[in-house]
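Structural description and commentary
Each chain, written out:
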Amino acid sequence: MFCGSADGNLLPPYVVYRGYNLMDNWTYGGPKGTLYNTTARGWFNSAVFIDWFQKGFLPIAKKIPGKKVLLGDNLSSHLSLEVIDLCKLNNVEFVCLPANANATDKLQPLDVGFFAQMKKSWQSILTVYKQKNPSNASLPKKDFPSLLKGLVEKLKPKEHLPTAFERCGIFPLNPEKGLERIPDIQSTENIATILNKTILTKLDAQRFGNSQDKPKAKEEKDFQQERAIYHRGIQIHLHLLMT
């Protein structure tokens, strides 16, 4: 995973391998500060995101005075009470992109103006690797960190990231510029409504599951009462986070 800022700074990557145990030789030779982890399918989950937030993001954010804004998409792994509490504790606003506007490729700055360059450079690196290692049907994990380092050295975040944030209307802040990229949303007020609904839906699903998965031993009245109390608690958290 990559994370970058509007002033052109690129945080060290966070690598998630598919596996159950992280081998030492999977971590040698990568970019300085890179963090490594594993999951069963090589995907981000809540535990991995919290690990990145605590070890990859917060140490850098704490060095920056004032309020910070972290922009993310609507993966359920990004949304948890622990992350919300850490944001409040560390003066961080966590802003999620609208889930039902297909907004990631339109409002996420790295998607808009950074990943295309990165993918092109990565393809070039893989082509050279394949030429040097024709017998390898795939890329061994032990070779990945050094190739990742070569990729990071090719990137030009100072040149591309500020432009990407500006194109999205995020920095300098220009809400109407962002709205032009997602014409099916007509106002910033609608965006706020969608974000609040999205966050509540994600957190509700994490705690209670789908409606058909309600605990059979719990009466419907008690279940709904508990859910209402939980929703109120989340709304208070969101209000505190946004004020």
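This structure is a prediction, so every number in the text was calculated from the model and none was measured. Note on numbering: residues in each chain are counted from 1, in written sequence order. Selection of residues for local features in this predicted model requires a pLDDT of at least 70, selection of side-chain atom pairs for listing and counting requires 80 or more, and totals for whole chains, interfaces and linings are taken over all residues. For the side-chain quantities, the full set of heavy atoms in the structure was used; hydrogens and water were omitted.

**Some thoughts on the overall build of the chain**
The way it works is that DSSP assigns letters per residue, a run of H or I at least four long becomes a helix, a run of E at least two long becomes a strand, and they are numbered from the N terminus. Helix and strand counts for the chain come out as ten helices and four strands. Traced from its N-terminal end to its C-terminal end, the chain shows the element sequence β-β-α-β-α-β-α-α-α-α-α-α-α-α. Accessibility here uses a 1.4 Å probe with only protein chains present; expressed as a share of the type maximum, an area under 20% marks a residue as buried, one over 50% as exposed, and anything in between as partly exposed. Counting all 243 residues of the chain, 39% fall into the buried class. We call two residues in contact when some of their heavy atoms are within 4.5 Å. Across the chain, contacts joining residues at least 24 apart in sequence account for 63% of those joining residues at least 6 apart. With an accessible surface of roughly 14400 Å², the chain has 54% of that area assigned to carbon and sulfur atoms. Every accessible area reported is derived by Shrake-Rupley at a probe size of 1.4 Å, with residue values counting cover from the shown protein chains alone.

**A short note on the pairing of strand β4 (residues 92–96)**
Counting buried residues in β4 gives four out of five residues, a clear majority hidden from the surface. In short, DSSP must find at least two bridges between two strands for them to pair. Sheet topology note: the strand β3 (residues 68–72)/β4 ladder contains five bridges and is parallel. Each bridged residue has a counterpart across the sheet, and for Val69 the counterpart in β4 is Glu93. Seen with the strands pointing away from the viewer, any crossover whose path from the first strand over the helix to the second strand runs clockwise is right-handed. In terms of handedness, the path from β3 via helix α2 (residues 81–89) over to β4 forms a crossover that is right-handed.

**Some thoughts on the packing of helix α1 (residues 46–61) against α2**
Every axis in this analysis is a line fitted to C-alpha atoms, fitted for helices over the stretch in contact. Angles between the N-to-C directions lie between 0 and 180 degrees. At a closest axis distance of 10 Å, the pairing of α1 and α2 adopts a crossing angle of 20 degrees. Between α1 and α2, the crossing angle belongs to the class labelled roughly parallel. Both α1 and α2 take part in a crossing whose hand is right-handed. Each of Phe49, Ile50, Phe53, Gln54 and Leu58 in α1 lies in contact with α2, whose residues at this interface are Glu82, Val83, Leu86 and Cys87. Three categories are distinguished: nonpolar for Ala, Val, Leu, Ile, Met, Phe, Trp, Tyr, Cys and Pro, charged for Asp, Glu, Lys and Arg, and polar for the others, with Gly belonging to the last. Taken together, the residues of the contact of α1 with α2 break down into seven nonpolar, one polar and one charged. When an angle is under 35 degrees it counts as roughly parallel; over 145 it counts as roughly antiparallel; between 65 and 115 it counts as roughly perpendicular; any other value is oblique. Two helices crossing with the near one rotated counterclockwise from the far one by less than a right angle form a left-handed crossing, whereas a clockwise rotation gives a right-handed crossing.

**Comments concerning the environment of Leu110**
Looking at the secondary structure, you find Leu110 in helix α4 (residues 109–113). Residue Leu110 is classed as buried on the basis of its relative accessible area, which comes to 4%. Sequence-distant contacts of Leu110, defined by excluding residues within four places in its chain, comprise Phe2, Cys3, Gly4, Phe115 and Leu161.

**Description of the pattern of salt bridges**
Note on definitions: salt bridges are taken to be side-chain nitrogens of Lys or Arg within 4 Å of carboxyl oxygens of Asp or Glu. This model, assessed by the stated rule, comprises four salt bridges. Ionic pairing is found between Asp51 and Lys55, a salt bridge with its closest N-O pair at 2.9 Å. One end of the pair is Asp51 and the other is Lys55, both in helix α1 and four residues apart, which spans about a single turn. Accessibility expressed as a relative area gives 14% for Asp51, which makes it buried. Given the relative accessible area of 52%, Lys55 is considered exposed. The salt bridge partner of Lys142 is Asp143, with a shortest N-O separation of 3.2 Å. By relative accessible area, Lys142 is classed as partly exposed at 46%. The class for Asp143 is buried, based on a relative accessible area of 17%.

**Side note on helix α5 (residues 115–132)**
By this rule, a helix spans an expected 1.5 Å times one less than how many residues it contains. Compared with the 26 Å implied by 1.5 Å per residue over 18 residues, the 26 Å span of α5 between its first and last C-alpha is a close match. Every buried residue belonging to α5 is among Phe115, Gln117, Met118, Ser121, Ile125 and Tyr129, and all of these are buried. The buried residues of α5 occupy one face: seen down the axis, they fall within an arc of 150 degrees. Residues of α5 that are exposed and point over 90 degrees away from its buried face: Ala116, Lys119, Lys120 and Gln131. By construction, the arc corresponds to the directions joining the helix axis to the C-beta atoms.

**Thoughts on the side chain of Asn90**
By the element assignment, Asn90 lies in the loop between α2 and β4. For the purposes of these results, a polar contact is taken to be a pair of N or O atoms within 3.5 Å, where, inside protein, one atom must be able to donate a hydrogen and its partner to accept one; residues adjacent in sequence count only when each atom of the pair is a side-chain atom. In this structure the side chain of Asn90 is engaged in a polar contact, spanning 2.8 Å, whose partner is the backbone oxygen of Leu86. Beyond its immediate stretch of four places on either side in the chain, Asn90 contacts Leu58, Lys62 and Lys68.

**Section: the packing of aromatic side chains**
Note on aromatic pairs: each is described by the distance of the centres and the angle between the planes. Two aromatic rings from Phe, Tyr or Trp, using only the six-membered ring of Trp, form a pair when their centres are within 6.5 Å; if the ring planes differ by under 30 degrees the pair is stacked, by over 60 it is edge-to-face, and anything between is tilted. Using the criterion set out here, one finds eleven aromatic pairs in the structure. A centroid spacing of 6.4 Å and a plane angle of 35 degrees characterise the contact between Phe49 and Phe53, whose relative ring orientation is tilted. Of this pair, Phe49 and Phe53 are both found in helix α1, four residues apart, which corresponds to roughly one turn of the helix. As far as burial versus exposure is concerned, Phe49 and Phe53 are alike and both buried.

**What about the nonpolar core?**
Grouped burial of nonpolar side chains is what soluble globular proteins tend to show. To qualify as a nonpolar core, a set must consist of buried Ala, Val, Leu, Ile, Met, Phe, Trp, Tyr and Cys residues joined through side-chain atoms within 4.5 Å. Membership of the largest hydrophobic core comes to 20 residues, with the highest contact counts inside it found for Trp52, Phe53, Phe57, Leu70, Val83 and Phe94. Looking at this core, the elements that each hand over two or more residues are β1 (14–18), α1, α2 and β4. Looking at this core, the element that brings in the most residues is α1, giving eight residues. Leave out the neighbours within four places in its chain, and Val83 touches Phe49, Ile50, Phe53, His78 and Phe94. Trp26, Tyr36, Phe144 and Leu151 belong to the second largest nonpolar core, which has 17 residues in total.

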